[in-house]
Every structure is written in C-alpha cells, then in structure tokens.
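Report on the structure
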Amino acid sequence: GTVRVGISLKPVQQAVARITYSLLFLSGLGFFLCLLGARSVSRRITRPLQKLREGTLALAGGDLSHRIVIRTGDEIEDLAGHFNEMADEIEARQAEARQARAELETLNASLEEQVRMRTEALLHSERRYRTLVEGSPMGIAIIQAGQTVYGNPAYREMVGSEAPPVLDVLDEEDKLKLFKEMEGWSRSELFGPVEVRLKNPVGHPRHVEMRWMALEMEGKPADLCVLLDVTAVRKLQEQVAVSDKLRALGELASGV
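Because the structure is a prediction, the values reported are computed rather than measured.

The calculated volume of the largest pocket comes to roughly 180 Å³. At the level of elements, strand 1 (139–144) and strand 5 (220–229) are the ones that each hand at least two residues to the lining of the largest pocket. Broken down by element, the lining of the largest pocket gets its largest block of residues, three residues, from strand 5.

See the structure below:
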C-alpha cells in the first residue's frame, strides 16, 4: 500500500531565516568593528604626522619653545626626537645670536659715543687753530705745485686778494738773490728768515721776512710760507739813520 507522511517546512524556513539574520547582523557588526579599527589605526598613524606638521609650522613661525611628544615606538617617534633636538639647537643659536646682537649694540653705542667725543674735540681743536691762523698778523700760505692752495687774510693783504704765490710778487732783484740762496736749501730744514721786498704797484715796496718749510699735504709735497711784515721797522730804521746824519751834521756845523 502507499504511506503518506506530511512534514511542515515552516520550522526549517524559520531556522534558515534566523541564521540569515544572524549572519547579516554579524557581518554588519564585523564591518562596523573593521571601520572602528581602521579609523583607530589611521588616527594612530596620522596624529603623529599631524603633530609633526604643527611643530614644523610653529618652528617656522618663530615659536622655538614648541616641542613634539610622540610615543609610538617607531620611526615617527625617532623623527620627533630629531625634531626636538633641532629645535633645541636652533633655540640655542638664537640665544647666542641675541646675546651677540646685544653686545654689538653696546659696542656700537660705545663707539658712537667715542666718535662723537673725538669729533667734538677735533672740531674744537680745528676752530682754535683756524682762529689762530686766520687771526695771525703774519702771512701764512701753503704753496703746492706752484699754486697757493691756502692763504690767510694777512697773506692776502700782503700779496693781493687773489693770493698769488709769493715768488710771483717778489722784487726781481730779490727774486734772483732768493733763488741763489735756495739752491743749497735742504727741504728737511727750515729756510729763512730772509728779508725780501714785495712789489707794490701803488707806493713803496713792502719789506717782509720770509720763512719756508717743506711739508706734505694730501700725500703730495707742499711748502709752508710765513711772511712777517717789517716795512714799518725798516722805515723807522731809515728815519733813525736820517736823524743820526742830521745830528752829525749839526754837531759838525756847530763845531765849525
């Protein structure tokens, strides 16, 4: 005969559904955990790199006190250590540079003060010598390459406002005599005094005592000429000589 057995598939389908849901849940949970793990690993890798980047930017911006603390136990931690050593070295060099700059500023201030004081002393000395030379009653001139490069007011009053070299205004007879005497002159010694006469187009010649001294000005040879006007002395001597002659004549006449 035939035997028919009726079996329901519903429990089996329910079991398959539960297994399917479980697998889906476990797959989702695994995927979520993988995402968390990947994010954690990526943050573990990128965070030290971000710290290195921030430290580099801070150091470039002038923050020499910035240091990086990384505890990864790998090459990134070594890199952070080298970065901190570099920052320490740069900070030390900056401190040395600041100290050297401060010392240099102090030295510059001291040098400026010394220069100022010496400049004031030089100006004061120059004013004194200028007053002495400009106000001297003796004619003082510096002759270089045949030209008068300086002549004080007394010199210009003796030889003319154009201040020509004194040799150009000498009496011709005295000039020849002076040239002969200067032939044996050693420039290492003082020449003079020599009495000469200066040409005077309006009036009597001017008698002066002349002195010469060799010197160097701006690296080139020059001569210092000093003139002392003795015209009044010579006139007085002539008047005394005339007076003596007249007295002698008077005594001779009275004796006769």
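Before going further, it helps to examine helix 2 (residues 75–134). Here helix 2 spans 84 Å end to end across 60 residues, near enough to the 88 Å set by a 1.5 Å rise per residue. Along helix 2, the residues that are buried comprise Ile76, Ala80, Phe83, Asn84, Ala87 and Ser125.

Considering all chains together, one arrives at 15 salt bridges under this definition. Its salt-bridge partner being arginine 93, residue glutamate 96 comes within 3.5 Å of it at the nearest N-O pair. Placement of the pair is glutamate 96 and arginine 93 together in helix 2, with a separation of three residues, close to one helical turn. Here arginine 93 falls in the partly exposed class, since its relative accessible area comes to 44%. Note that arginine 197 and aspartate 171 form a salt bridge whose closest N and O atoms lie 3.2 Å from each other. Taken as a pair, arginine 197 in strand 3 (residues 191–198) and aspartate 171 in the loop between helix 3 (153–159) and helix 4 (172–182) lie far apart in primary sequence, 26 residues in all. Taking the relative accessible area as the measure of exposure, arginine 197 reaches 25% and is therefore partly exposed. One network of salt bridges, with partners in common, ties together Asp171, Glu173, Asp174 and Arg197.

When you tally the buried positions in strand 1, you get six out of six residues, the bulk of the element. A two-sided burial pattern is seen for strand 1, the buried positions comprising Gly139, Ala141 and Ile143 on one face and Ile140, Ile142 and Gln144 on the other. Strand direction decides the pairing type here: strand 1 and strand 2 (residues 147–151), joined by four bridges, are antiparallel. Within strand 2, the position partnered with glutamine 144 by the bridge is glutamine 147.

A few words on helix 4. Asp174, Lys175, Leu178 and Met182 are the residues of helix 4 that are buried. Angular distribution of buried residues about the axis of helix 4 spans 105 degrees; they occupy a single face of the element. What points out from helix 4, more than 90 degrees from its buried face, is the exposed set Glu173, Leu176 and Lys180. Each element contacted by the buried residues of helix 4 is listed here: strand 3 and strand 4 (206–217). The N-cap residue of helix 4 is aspartate 171: its side-chain oxygen and the backbone nitrogen of glutamate 173 are 3.1 Å apart.

Definitions and limits used
- Residues numbered from 1 in each chain as written.
- Predicted model: local features only at pLDDT ≥ 70, side-chain atom pairs only at ≥ 80, totals over all residues.
- Heavy atoms only, no water.
- 1 Å grid on protein atoms, 1.4 Å probe; cavity = no way out; pocket = protein on both sides within 12 Å on 5 of 7 lines; lining within 4 Å.
- Points joined across faces, edges and corners; volume = space filled by probe spheres on them.
- Helix = DSSP H or I, 4+ residues; strand = E, 2+ residues; numbered from the N terminus.
- Expected span 1.5 Å × (residues − 1).
- Buried < 20%, exposed > 50% of the residue type's maximum accessible area, 1.4 Å probe, protein only.
- Salt bridge = Lys/Arg side-chain N within 4 Å of Asp/Glu carboxyl O.
- Pairing = 2+ DSSP bridges.
- Arc of directions from axis to C-beta.
- Contact = heavy atoms within 4.5 Å.
- Polar contact = N/O pair within 3.5 Å; in protein donor to acceptor, adjacent residues only side chain to side chain.

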